[in-house]
Structure formats: structure tokens, C-alpha cells
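Structural description and commentary
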Amino acid sequence: MSPADHCLSPADRSLSPADRRPTRAELAAAADRTLPDVLATGLDVLFVGINPGLWSAATGWHFARPGNRFWPALHRGGFTPRRLHPSEQDTLPGYGLGITNMVARATARADELTPAELVAGAESLATKVARYRPAWVAVVGVTAYRIGFARPKAGFGPQPEPLADARLWVLPNPSGLNAHFTPETLGAAFGELRAAVG
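Note that the structure is a prediction, hence the values are computed from the model and not measured. (Residues numbered from 1 in each chain as written. Predicted model: local features only at pLDDT ≥ 70, side-chain atom pairs only at ≥ 80, totals over all residues. Heavy atoms only, no water.)

A few words on the overall build of the protein chain. A count of helical and extended segments in the protein chain gives seven helices and five strands. Secondary structure elements in the protein chain, listed N-terminal to C-terminal, are α-α-β-α-α-β-α-β-α-β-β-α. In terms of C-alpha radius of gyration, the protein chain reaches 16 Å, essentially the compact-globule figure of 16 Å for 198 residues. Over its C-alpha atoms, taken along the principal directions, the protein chain stretches across nearly 50 × 40 × 35 Å. (Helix = DSSP H or I, 4+ residues; strand = E, 2+ residues; numbered from the N terminus. Rg over C-alpha atoms; globule rule 2.2 N^0.38 Å.)

Quick look at the structure:
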């Protein structure tokens with residue numbers, strides 16, 4: 001039984017991964033948990049979330065909450081041949097992709113993080129990037145990027161400075177709460193990065 005299975009009710013353990021839904025108690029218990037990174041050396045793109053949500057911490061899968069548009073955008077943007085389910089995250093290195101977070105601890109909302117946590121997370125990310133040497137680092141969340149990297153005027157797209165030796169790109173937050181981007185425009189933003197990666 002995986003560590004994530006311990007977070008699920010016995011009834012949910014018998015369901016397929018796509019059908020598992022944590023209970024309210026399981027979600028509450030997931031606060032402050034961490035998720036393992038999906039990493040390998042020399043990836044094409046390392047995607048960097050702000051921090052895990054409770055749904056992700058309860059299931060053990062990055063960007064797992066229903067309504068999060070990361071996985072559809074990854075496919076729409078041309079990074080994967082089909083839409084992957086969050087439970088398939090360990091297949092990402094085979095596509096040259098990985099996932100980590102700026103801040104490791106899970107919260108119900110990203111705005112529960114302090115600026116100091118984001119700054120410390122950016123420093124930790126730089127160390128991780130230097131170790132794993134991805135070609136590109138894509139931060140999914142411009143506000144977290146602005147705070148963590150002290151770039152208050154940063155916009156979406158390529159950034160002028162590298163992170164370690166990786167090129168840096170900022171993508172919109174794929175959360176379903178981000179009403180500024182539709183699934184189509186979010187997929188197009190991911191597609192711009194895909195075109196730059198080549």
C-alpha cells in the first residue's frame with residue numbers, strides 16, 4: 001500500500017485512481033503534508049507549482065484537485081500525447097518533464113503562504129535546479145514568482161535571468177480559481193513554452 005493509500009478511506013482504496021475522492025476529514029488531515037517531487041536529471045522542463053493543495057497532499061498526486069487545469073493544459077500545449085491523470089505523474093520524466101513546488105507544505109489556498117516562505121522556496125528551488133540541471137524551469141503562478149524571486153514587475157513568458165543554468169519561464173496558475181484564463185488560453189500559454197523548448 002502506498003503512503004497516499006493510507007490517506008484514503010477503505011472504500012476509496014478499491015476504486016480506480018481516477019475515481020478516488022478524499023473525504024473532508026482526509027483533506028483536513030493533509031494540511032502541512034509534503035509531496036515527493038517528480039524529478040530526474042536533465043529534464044527538458046521542470047514545472048514548479050506554488051505549493052501542494054490539500055487534495056494533492058491527500059492523494060499523493062501533484063495538481064490533483066478536480067478543476068485544476070494543469071494536466072489538460074500540458075496536453076493542449078503539446079507536452080503529452082494525451083491528457084494524463086494526476087495518478088500518472090510518474091510517467092512525466094519519460095516525456096522530459098518533472099514537477100516540484102516552491103513551497104513544500106500543503107495548504108487549502110496558496111494565499112496562506114507567507115512571503116518569507118516563498119523567498120525561502122525560491123532559494124531552495126535554485127539549489128534543486130543546480131543539482132538536477134533541467135533545460136527550462138516553468139513557474140506556474142506569476143504572483144508567487146514575483147514574491148519569491150523579488151521580481152515585482154515580472155510578467156508571463158520567458159524571464160531575462162536564468163535560474164542556476166536553466167532558462168526561466170512563468171506560466172499562469174492552472175487552478176480552477178484563476179478566472180483570468182480559460183482552458184483554451186491556458187493551453188495556448190503552455191504551447192508557447194512548448195514551442196520555445198523545441
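Once you've had a look at it, read on.
This paragraph deals with unusual backbone geometry. Among all residues save glycine, negative phi is the norm, and among peptide bonds the norm is trans. Despite not being glycine, Asp32 shows a phi value in the positive range, around 75°. With respect to the helices, strands and loops of the structure, Asp32 is situated in the loop between helix H2 (24-29) and strand E1 (45-49). Non-glycine residue Ala164 carries a positive phi angle of around 55°.

Right, let's get into helix H7 (residues 183-197). The first and last C-alpha atoms of H7 sit 21 Å apart over 15 residues, in line with the 21 Å expected at 1.5 Å per residue. All of the buried residues in H7 are Leu186, Gly187, Ala189, Phe190 and Leu193. Burial along H7 is one-sided: seen end-on, the buried residues are contained in an arc of 155°. Turned more than 90 degrees away from the buried face of H7 sit Glu192 and Ala195, all of them exposed. Residues of H7 that are buried sit in contact with E1, helix H4 (70-76), strand E3 (136-140) and strand E5 (167-171). Positive phi appears at Gly198, one or two residues downstream of H7, with a value of about 85°. (Expected span 1.5 Å × (residues − 1). Buried < 20%, exposed > 50% of the residue type's maximum accessible area, 1.4 Å probe, protein only. Arc of directions from axis to C-beta. Contact = heavy atoms within 4.5 Å.)

With that out of the way, let us pick up the side chain of Gln159. Locating Gln159 in the fold gives a position in the loop between strand E4 (157-158) and E5. Within the structure, Gln159 has its side chain in polar contact with the backbone oxygen of Gly157 (distance 2.9 Å). Discounting residues that sit within four places of it in the chain, Gln159 has contacts with Tyr145, Ala154, Leu168 and Val170. (Polar contact = N/O pair within 3.5 Å; in protein donor to acceptor, adjacent residues only side chain to side chain.)

So, on to the packing of aromatic side chains. Scanning the model with the defined rule gives nine aromatic pairs in all. Seen from their ring centres, Phe47 and Phe190 are 5.8 Å apart, and the 15° between their planes marks the pair as stacked. Of this pair, Phe47 sits in strand E1 while Phe190 sits in helix H7, and the two are 143 residues apart along the sequence. When sorted by exposure, Phe47 lands in the same class as Phe190, which is buried. Arranged with centres 5.9 Å apart and planes meeting at 75°, the rings of Phe70 and Phe190 form a pair that is edge-to-face. Of this pair, Phe70 sits in helix H4 while Phe190 sits in helix H7, placing them 120 residues apart in sequence. Residue classification places Phe70 among the buried positions, given a relative accessible area of 0%. (Phe/Tyr/Trp six-rings, centres within 6.5 Å; stacked < 30°, edge-to-face > 60°.)

The next point concerns the sheet that holds E5. Here five strands make up an open sheet; going across it, the order is E2-E1-E3-E5-E4 and the pairing mixed. Of all the strands in the sheet, just strand E2 (97-101) and E4 have a single pairing partner and so form its edges. In this structure, E3 lies alongside E5, joined through five bridges in parallel fashion. Across the sheet, the residue bridging to Trp136 is Arg167, located in E5. (Pairing = 2+ DSSP bridges.)

Read these as spatial facts, not as claims about activity.
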